[in-house]
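Listed below are the residues making up each chain.
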Amino acid sequence: MIEILSAERCISCNQCVRICPTNVFQEVENDIPIIARQSDCQTCFMCELYCPVDALYVTPNADGIEKVEESAVIEDRLLGSYRESVGWGKGRKSTASDDESFLVFRIARATN
Amino acid sequence: MSKEAKEALKLQADVLVIGGGPAGAWAAIAAAGQGASVILVDKGYCGTSGATAPSGTAIWYVKPEEQARENAMMSRMDMGGNLAERPWMQRVLDRTYHNMHQIRDWGYPFPIDETGGPNYISVQGPEYMRLMRKRVQKAGVRILDHSPALELLSDSHGVAGASGINEQTRQPWRIEAAAVVIATGGCAFLSKALGTNVLTGDGYLMAGEAGAEFSGMEFSTAYAIVPYFSPVTKTALYQFATFYYEDGRVIEGAGSRRGRSIIAKTLLKEPVYARLDKADESIRQSMRKAQPNFFLSFDRLKIDPFTDKFPVTLRFEGTVRGTGGINIVDETCATKVPGLYAAGDAATRELICGGFTGGGSHNAAWAMSSGYWSGEGAAQFALKQGTNRFNRNARGLSEFSGVSTQADSSKSKISTDEVIRLVQDEVFPYDRNWFRSEQGLTASLGRLNQLWLEIKQGVRADEGSRVGAREVAAMTATARWMYESGLARRETRGMHVRTDYPERDAAQHYRLISGGLDQVWVKPHTAPNNGNAEEAVQA
Ligand SMILES: Cc1cc2nc3c(=O)[nH]c(=O)nc-3n(C[C@H](O)[C@H](O)[C@H](O)COP(=O)(O)OP(=O)(O)OC[C@H]3O[C@@H](n4cnc5c(N)ncnc54)[C@H](O)[C@@H]3O)c2cc1C
Ligand code: SF4
Ligand code: SF4
C-alpha cells in the first residue's frame, strides 16, 4: 500500500495523480497532492517509478495499512529504491537492457 | 469533487479502443496505421494500468525455424487439453515475432545475449508500456485516461461507440465510433494480484449486453503463488523454490508448475512455506535483474528469499491468467456483433492455449497479436461504412442487462462492497473454484443468480469506494459464465478440475461457448480439425 508522500521532497508535479491506475491521489490547488483514497491502492509500485524526486513509498503489504516512518525508510535507503533498480531517472540507464530472464528461464528449465 | 452533473464530452472517431494495456495499445496503433481516426479510453492510465505494466513479462517469441516452432506449438498442447488450434498458433508466433522487432526499432532496449544479438524472450512491463503509450500518441491517437467505459452504444447496424465517465473530473463522455475494440483485460475479481484491480470484467459485461458470446469460461481457475502479504504474483521464479510444511518437512510433489494443486490442498489445512533454495549463487543476480519488483517486496521486509523460508499463499487471477473470454469469429478478432472486436485477455485465448493458463508467455504474445489484428480489422470495417458512419442515433446497451450505469442512492439497495464480498466468497476458495464439483458449482450458481437479480434492482455505492456498480455487476456476470461453463464440462481438462469427473473424456473434446445475461446458456462447439489427431481419433 502507498504509505508515504514526502512533503519535504514533493515538488507538486502531480505526475502521481496523473499516472496512478486506481486514482489514489488527489490534486490540491497551490499545494502538494494528497493520498486521498489509500484503500484503493493496488500496490503496483508504478507511482514510485514516475515520481521524479523519490517522494513516494509503497510497502509490499497488499492487504493492510502499516505505519512506516519516513526517516526509517530513508535510513534504509528504500525511498526511491525501486526507481533506482529499474534505472529510471536522470543520469541512469534503464536496466531493461540488463534483463537476464533468458538465463533464468534456461536454468529453470534445466533444474526442473 | 463536484456533484452536479456536467455536460458530457462528445467525440467521434472511426475506431474506439476501450482499454490501454498492450492489446489496446497495439490495436490503436494498428487502426491508426490504416488511416482511421482513433480514440483510446482507459479506466486507469495507458502506460501504467493493467496486468502487463507493473512487471517483467515473458513473451512467446520463437524464431521462424521449423523445429523450434513445432516444439513451441506442441509444448502446451496436451496440458491445454488439445483445444489449441495450430493455424492460430502459427499466426500468433509470426505476428509476435514481427511486433517484437517493431518495438526494438522503436527503441526498446533489449538485452544482448551470448549470441551478440538482442534477446526477445521478455520485456520489462514499465519500460514496454511507457514506450507503447508514446507510440500510441505518435500515431495520432487521442488518449483519455481515468475514463472507464460504462456501456456500449448501438443501433440496428451494430455497435456504434461507448459512453463512460472521467473519474477525476466526473465529466461524462460519449464517443460515437464506427467500430469498437474491447481490450479491457480479464477479470481478477479485485484479488490485488499485481496490477489487476482495474480488471473487473467490464468488457465482458459490455460485450454480453451487445449479444457477443464467450468461449472457454470454464478455464478460469488461475491461482498464483505469492508471499502471503504480497501482490507480486510472479510465479516463474518459484521454479527455484522448495515448499515446506510448518515443521520444516518438504512438501513432496509441490511445485510452481504442475505441483501447484498440492500447494492448494495443503493450504486448505495448514500454512505452506517456500524458499528459493534451488537457485545457486551464480543465478541469483540474474533473477534480480529479471524481476526487480519480485525482490523489492522481500528487500523491504528484510527477508532473504534464497535463505529464509517465507509463508506463501495463492492469489486468484481469474481469467487474467486463465484462457476464457469473448469469442472471436474470424482472423480480424471480430465478435459475432457487427463493429465489435475483442483483443488480449478480454478475448478467448483458447485458440493458442487451449484450456491451460496463458500466463508465462502466451498471453503477452496473444495481447500484441490480437491487438494488432483487431485494430486493423476494426479500422477496415469502419472505413468501409462511408460518410454515414456517424449519423446513427445510437443508444446505450446497459438496458439489455438492466444494470444501471448510475449508482442507486437508496439505503435499502445492496452496496458495492457487499457485492464484492459475496462474489469473492464464491470464486476465491480453492474448494469451490479450483476443485470443482456439480454440487459446489450448483450451489454457487444459485447464490450468484440470486445476487444478479438483486443487482438489477440497483446498487448503492459505498462511501469512499472507487469501484462502481457496473464493475461489481461485471464481476458477478463473469462468475456466472465461468461456473455455468464449469458445470457443463463434466470432465477434467486443462486447468478445469472436476473432483466428480477426475478424468479427461475424449467425447468432450470441444470448446464451450456461453452467453446470456439473465439466463446464462452454454453449448459445445466442435473445434475445426486442428491437427489434434490423437483425440480426434478417440472421439
Ligand atoms: C502478475 C502477472 C504477471 C504476468 N506475467 C505474464 C508473463 O510473464 N507472460 C505472459 O504472457 N503473460 C503474463 N501475464 C498475463 C499478461 O499480463 C496479460 O495477458 C496481458 O496484460 C493482457 O493484456 P491486455 O492488454 O489484454 O490487458 P491489460 O494489460 O490487463 O490491460 C487492460 C486495460 O484495460 C483497462 N480497462 C479495464 N476496464 C476498462 C473500462 N471499463 N474502460 C476503459 N478501460 C478499461 C485497464 O485499466 C487496463 O489498462 C501476467 C499477468 C499478471 C497479473
Ligand atoms: S509525483 Fe512525486 S513530486 Fe510529483 S506530485 Fe507526486 S509525490 Fe510530488
Ligand atoms: S502503488 Fe500503484 S495503485 Fe498504489 S498509489 Fe502507487 S500507482 Fe497507485
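Since the structure is predicted, the reported quantities are computational estimates derived from the model, not experimental observations.

1. Focus: the overall build of chain A
Along chain A, the regular secondary structure elements total five helices and four strands. The linear arrangement of helices and strands in chain A, starting from the amino end, is β-α-β-β-α-β-α-α-α. In terms of principal-axis extent, the alpha carbons of chain A reach across some 55 × 35 × 30 Å. Among the 112 residues that make up chain A, the fraction classed as buried is 53%. Across chain A, the centroid of the 11 positively charged side chains sits 9 Å from that of the 18 negatively charged ones.

2. Comments concerning unusual backbone geometry
Leaving glycine aside, a negative phi is the common case for residues, and trans is the common case for peptide bonds. Residues and elements named next belong to chain A. The backbone of Asn-14 sits at a positive phi, close to 65°, despite the residue not being glycine. By relative accessible area, which is 11% here, Asn-14 ends up buried. Its identity as a non-glycine residue notwithstanding, Arg-77 has a phi of 60°, on the positive side. Relative to the helices and strands, Arg-77 is located in the loop between α3 (70-75) and α4 (81-86). Its relative accessible area of 71% is what places Arg-77 among the exposed residues.

3. Digging into the domain arrangement of chain B
Residue and element names in this part refer to chain B. Here chain B is described as being made up of domain 1 (9-220 + 319-390), domain 2 (223-316) and domain 3 (400-538). A C-alpha centroid distance of 22 Å is found between domain 1 and domain 3. Residue-level contacts link 47 residues of domain 1 with 47 residues of domain 3. Sorting the residues of domain 1 by area buried against domain 3 places Phe-189, Leu-205 and Glu-218 first, and these three jointly supply 21% of that buried surface. Our enumeration of links across domain 1 and domain 3 arrives at seven salt bridges. Linking Arg-504 and Asp-78 is a salt bridge whose minimum nitrogen-to-oxygen distance equals 3.2 Å. At the junction of domain 1 and domain 3, the tally comes to 20 residue pairs in polar contact (both at pLDDT 80 or more). The biggest single contributor to the side of domain 1 that touches domain 3 is helix α5 (residues 202-210), with six residues. Residues of the side of domain 1 that touches domain 3, tallied by class, amount to 18 nonpolar, 17 polar and twelve charged.

Conventions and cut-offs
Residues numbered from 1 in each chain as written. Chains lettered and ligands numbered in written order. Predicted model: local features only at pLDDT ≥ 70, side-chain atom pairs only at ≥ 80, totals over all residues. Heavy atoms only, no water. Helix = DSSP H or I, 4+ residues; strand = E, 2+ residues; numbered from the N terminus. Buried < 20%, exposed > 50% of the residue type's maximum accessible area, 1.4 Å probe, protein only. Lys, Arg positive; Asp, Glu negative; His and termini not counted. Charge placed at Lys NZ, Arg CZ, Asp CG, Glu CD. Domains from an automatic or database assignment. Contact = heavy atoms within 4.5 Å. Buried area = accessible area lost by both parts, 1.4 Å probe. Salt bridge = Lys/Arg side-chain N within 4 Å of Asp/Glu carboxyl O. Polar contact = N/O pair within 3.5 Å; in protein donor to acceptor, adjacent residues only side chain to side chain. Nonpolar A, V, L, I, M, F, W, Y, C, P; charged D, E, K, R; others polar.

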